[in-house]
Amino acid sequence: MSNTILTNRVELKVNSESVDAAFDIWLLKTDLIGKANYGSVINTIYRELKPLSLAFVRKDEYAVLLRKDVSVSFNNPHYSLNRLKANDIPTVSCARLLIYAMPNLSNEQPRSSEGAGLYYLTDIENIGRTEVLRAFEIKIEQTSDYVLLKVDGATFTPVQYHTNANGELYADCTHLPRFKFDKWSQELGRAHFGDFIKKKHRDRKMKSEMVSLDTKHPGKFRKTKMGVLAQFIQDVERELGDMLTIEFSPRSSSYRVRFKDTDVKKAYAEIDALLAGYVFNIVNLTDVNTSSLEKAFELDGIQYGQSTSVKSDELNLVIHHPAEHYEALGQVDPYRSLHSAPGAIVQSAYPTTLFADNDIARSQYEACKKELLIKIEVNENTLRLVKPAGNWTFIKSVIVDEADNGTSYHILHLNDGTMSYRQLDQCSAEELLLNLPGILSKNGYAVIDDTNGEGFIFEETGMVAIPEFQSLSKIMAELAHSFDNGLPRDWVTEFLGLLKNDEIEVKNAALVNDKLTRLLDATVGKERITKEVLVANKETKISYRGSLQTFFDWVTVEKGLRFGASLKSQNAGLLEAALGLFYNDEEHLYFVGDKDNVKSIPRFCQIRRIVTDTNEVPEQLLKMMQVFHICHKQATVYPFLFKHLAEYEKRAQVKT
């Protein structure tokens with residue numbers, strides 16, 4: 001297990017002399033301000049100067065990059081031009097100019113596009129009759145303290161998709177730069193009369209993965225954010241040479257915990273044991289068959305009954321349709337009236353999510369049970385499952401009036417497992433807020449250790465933890481290359497000979513011999529064994545696990561081709577930025593990730609800061625995020641009591 005993770009916090013180094021030797025930089029100022037003029041300004045600059053790239057510097061100022069000694073003629077009273085050196089503009093602006101120019105510098109077929117950003121095209125999706133381009137955008141953002149490199153999803157849709165019945169472009173699209181797309185070269189680039197704009201599709205959002213762990217289909221990696229990031233860094237090194245260097249900032253941990261499946265199973269077993277002391281009341285407001293739900297209750301040893309209304313002394317699981325269903329029928333949503341029962345514990349579920357293929361949807365069923373446990377705890381004002389030691393106060397701020405910046409504070413006190421809730425306005429909360437190390441932002445989260453009065457504010461940083469993407473990229477490229485070439489049969493024969501002569505030691509020699517012999521028998525007459533036979537054929541496929549790892553590793557080391565890899569093992573250290581809880585005491589940074597043996601990682605782990613006046617953050621506070629029943633079978637990104645605070649808040653709103 002590695003103690004260090006990479007982040008998207010980067011250090012940019014620009015070689016000004018090299019940049020000035022290769023390019024000219026001009027600064028343009030304009031009096032055409034505001035969103036309505038943005039598109040016109042950008043298009044005018046590109047039309048008149050035809051720059052390699054353009055970058056926003058500050059309000060109403062843009063820098064452009066041109067090839068060396070290109071003559072400039074731009075007579076427009078709304079613009080002024082000044083020639084600059086690379087070190088005359090901020091490093092971030094210079095880096096953006098170089099990065100955005102890369103597609104114009106490449107001698108190879110473009111993989112990316114320029115314009116108001118740098119984009120890597122990953123997919124072309126047809127939604128109905130609309131052709132949608134899916135891409136990832138590389139962004140360089142300057143904060144008050146550091147520079148962040150981001151990979152964000154970007155969708156390009158046809159201009160005509162955003163027109164009304166009269167063929168007129170909608171007002172919120174008129175300012176957007178246009179792009180052209182060449183289907184043959186797969187090139188996306190700026191064009192004054194281009195057919196595409198950067199605008200999402202109204203009906204379907206872009207889905208993407210942060211990283212692909214599918215070693216049997218290594219090509220998927222290139223279409224993930226980490227695959228694009230790896231490609232981007234390669235492009236920077238190839239196209240910009242020593243002009244620009246990007247160094248990723250690592251952070252070391254002072255507190256590190258990995259999560260196991262056994263941790264989750266233990267938590268949910270304890271939930272079942274606690275719920276066994278209660279009676280469930282099924283309130284079915286639909287015509288769905290609940291027999292699979294009843295069977296699940298019986299298997300879990302849960303007492304239950306059925307009724308047409310909620311009961312104050314039982315746990316009510318109400319099955320109903322979404323509000324839109326009743327609105328479409330012109331009916332009153334029956335679920336809305338159920339909360340009026342005093343003291344009733346009610347958990348709702350939609351039939352489409354609770355049931356699947358005439359059976360109970362196990363994950364949703366378990367989620368309902370854990371939600372009921374939380375509501376029991378709130379109803380009884382006592383924690384039953386996880387009880388943090390000590391006395392704590394949890395605070396969430398909510399803006400209630402944007403006009404006068406009026407703020408409401410929802411507060412939960414925890415005293416040795418007993419909870420109490422109150423809501424205070426700005427004036428009433430003043431004394432309590434004095435314990436905090438700063439001003440609590442809108443919708444901010446804070447905790448006070450009541451034992452010593454120390455306060456802690458949870459703050460967003462914009463940073464994310466990133467896996468060892470370059471190592472992952474190398475492994476995936478090696479796998480793709482090996483699968484394309486195939487596995488020579490004589491290598492398998494050679495390994496079996498070494499195994500027979502006891503020159504190679506494996507734990508289960510009989511299994512390895514059987515699997516590899518079967519592989520040879522299925523490919524008689526073939527010089528190479530294809531990917532389909534290795535990983536797709538049920539009878540012959542072999543996997544990189546157990547004793548067969550020895551064979552795959554031998555092929556990699558002795559023959560130079562990789563046909564298998566273990567990405568998730570702690571020894572590999574490739575995914576430390578996505579797993580467990582990481583805390584850096586030097587800057588009080590932390591993230592909460594997934595448990596081990598994760599099958600897919602769709603999102604980055606957001607890095608947050610715990611702002612405090614103390615030298616150390618109490619371990620007990622970090623342990624409050626190592627709880628797996630709040631976010632269903634996942635740890636929580638904030639101390640778990642904020643879930644209970646939200647439940648108290650909802651109850652207060654219902655009473656109001």
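In what follows, the accompanying structure is described. For every chain, the first residue of the written sequence is number 1, and numbering continues from 1 along that sequence. Side-chain atom pairs in this predicted model are given and counted only at pLDDT of 80 or more, local residue features only at pLDDT of at least 70, and totals for whole chains, interfaces and linings cover all residues. Note: side-chain values were computed over all heavy atoms of the structure, leaving out hydrogens and water.

Comments concerning the environment of glutamate 11
Phase 1: Along the polypeptide, glutamate 11 turns up in strand S1 (residues 4-14).
Phase 2: Its relative accessible area of 42% is what places glutamate 11 among the partly exposed residues.
Phase 3: Between the C-alpha atoms of glutamate 11 and leucine 176, which are 165 residues apart in sequence, the distance is 31 Å.
Phase 4: Note on definitions: a residue-residue contact is assigned when non-hydrogen atoms from the two residues lie within 4.5 Å. Those residues in contact with glutamate 11 that lie beyond four places of it in its chain are Thr245, Ile246 and Glu247. Comment: elements are numbered from the N terminus, with helices defined as DSSP H or I runs of at least four residues and strands as E runs of at least two. Between buried and exposed lies partly exposed: a residue is buried under 20% and exposed over 50% of the maximum accessible area for its type, with that area taken using a 1.4 Å probe on protein chains only.

A word on the sheet that holds strand S5 (residues 79-84)
Phase 1: Read across the sheet, four strands follow the order S3-S4-S2-S5 without closing on themselves; strand pairing throughout is antiparallel. The sheet is open, and its two borders are formed by strand S3 (53-58) and S5, each paired with just one other strand. On average, adjacent strands in this sheet sit at an angle of 30° to one another, irrespective of strand direction.
Phase 2: Of the strand pairs in this sheet, strand S2 (residues 23-30) and S5 are connected by six bridges, and their pairing is antiparallel. Within the sheet, the bridge partner assigned to leucine 28 lies in S5 and is leucine 81.
Phase 3: Along the sheet, helix H2 (residues 35-49) makes contact with S2, S3, strand S4 (61-67) and S5, crossing S4 at roughly 25°. Strands are labelled as partners when DSSP assigns at least two bridges between them. Note on geometry: axes are lines fitted to C-alpha atoms, helical ones only across the stretch in contact, with angles between N-to-C directions running from 0 to 180 degrees.

Some remarks on unusual backbone geometry
With the exception of glycine, most residues fall at negative phi, and the peptide bonds are largely trans.
Phase 1: Even without a glycine there, the phi angle at asparagine 443 is positive, about 55°.
Phase 2: Looking at the secondary structure, you find asparagine 443 in the loop between helix H10 (426-433) and strand S24 (445-449).
Phase 3: Notably, aspartate 502 is not glycine yet its phi reads approximately 60°, a positive angle.
Phase 4: Structurally, the position occupied by aspartate 502 is in the loop between helix H12 (489-500) and helix H13 (509-521).
Phase 5: Exposure remark for aspartate 502: the relative accessible area of 69% places this residue in the exposed category.

A look at the packing of helix H4 (residues 225-240) against helix H11 (residues 469-485)
Phase 1: The contact between H4 and H11 brings their axes to 9 Å, and the two run at 95°. Viewed along their axes, H4 and H11 adopt a mutual orientation that is roughly perpendicular. Across the interface between the two elements, Met226, Leu229, Ala230, Ile233 and Gln234 from H4 touch Phe469, Gln470 and Ser473 from H11.
Phase 2: Gly falls in the polar group here, along with every residue not listed as nonpolar (Ala, Val, Leu, Ile, Met, Phe, Trp, Tyr, Cys, Pro) or charged (Asp, Glu, Lys, Arg). Looking at the contact of H4 with H11 residue by residue, the classes come out as five nonpolar, three polar and no charged. Should an angle fall under 35 degrees it is called roughly parallel, over 145 degrees roughly antiparallel, and 65 to 115 degrees roughly perpendicular, with every other angle called oblique.

Some remarks on the nonpolar core
Phase 1: In this structure, Leu149, Phe232, Ile246, Phe248 and Leu516 are the most contacted members of the largest nonpolar core, which totals 91 residues.
Phase 2: No other element matches helix H3 (residues 91-105), which puts 10 residues into this core.
Phase 3: Beyond its immediate chain neighbours, meaning those up to four positions away, leucine 149 contacts Asn8, Val10, Ile138, Lys139, Ile140, Leu229, Phe232, Ile246 and Phe248.
Phase 4: As used here, the term nonpolar core means buried Ala, Val, Leu, Ile, Met, Phe, Trp, Tyr and Cys residues forming a set that is joined through side-chain atoms within 4.5 Å. In this structure, Ile374, Ile610, Leu622 and Tyr638 belong to the second largest nonpolar core, which totals 60 residues.

What to know about the packing of aromatic side chains
Phase 1: Pairs were defined over the aromatic rings of Phe, Tyr and Trp, the Trp ring being its six-membered one, requiring ring centres within 6.5 Å. Orientation was assigned from the angle between planes: stacked under 30 degrees, edge-to-face over 60, tilted for the rest. If you walk through the whole model with that rule in mind, you get 24 aromatic pairs.
Phase 2: Through successive ring pairs, a cluster of aromatic residues spans Phe394, Tyr445, Phe458, Tyr590, Tyr638 and Phe642.
Phase 3: For a ring to carry a charge above it, either NZ of a lysine or CZ of an arginine must fall within 6 Å of the ring centroid while also lying within 35 degrees of the normal to the ring plane. In this arrangement the basic side chain of arginine 202 is found over the ring face of tyrosine 161, its NZ or CZ atom lying 4.2 Å from the centre.
Phase 4: Cation over ring: lysine 633 sits above tyrosine 268, and NZ or CZ is 5.5 Å from the ring centre.

Some points on the sheet that holds strand S18 (residues 345-349)
Phase 1: Overall, parallel pairing links the four strands, which are arranged S16-S15-S17-S18 in an open sheet. Only two strands of the sheet have a single neighbouring strand rather than two, namely strand S16 (303-307) and S18. If you compare each strand with its neighbour and ignore which way they point, the axes differ by 25° on average.
Phase 2: Of the strand pairs in this sheet, strand S15 (residues 279-284) and S16 are connected by five bridges, and their pairing is parallel. When the sheet's bridge partners are listed, valine 279 is paired in S16 with glutamine 303.

Considering the side chain of arginine 609
Phase 1: In this structure, arginine 609 sits in strand S30 (residues 605-611).
Phase 2: Exposure remark for arginine 609: the relative accessible area of 17% places this residue in the buried category.
Phase 3: In this structure the side chain of arginine 609 is engaged in a polar contact, spanning 3.5 Å, whose partner is the backbone oxygen of glutamate 587.
Phase 4: In this structure arginine 609 touches Tyr146, Ile457, Phe458, Glu459, Thr461, Glu587, His588 and Leu589, once residues within four positions along its chain are discounted. Polar contacts here mean pairs of N or O atoms no more than 3.5 Å apart (in protein, one a potential hydrogen donor and the other a potential acceptor; neighbouring residues in sequence count only if both atoms are side-chain atoms).

Here we look at the state of the cysteines
Phase 1: Disulfide: a pair of cysteine sulfur atoms within 2.5 Å of each other. Under the definition given, this model contains zero disulfides.
Phase 2: Looking at the unpaired cysteine 631, the closest cysteine sulfur is the one in cysteine 605, lying at 12 Å.
Phase 3: On the accessibility criterion, cysteine 631 (37% relative accessible area) is partly exposed.

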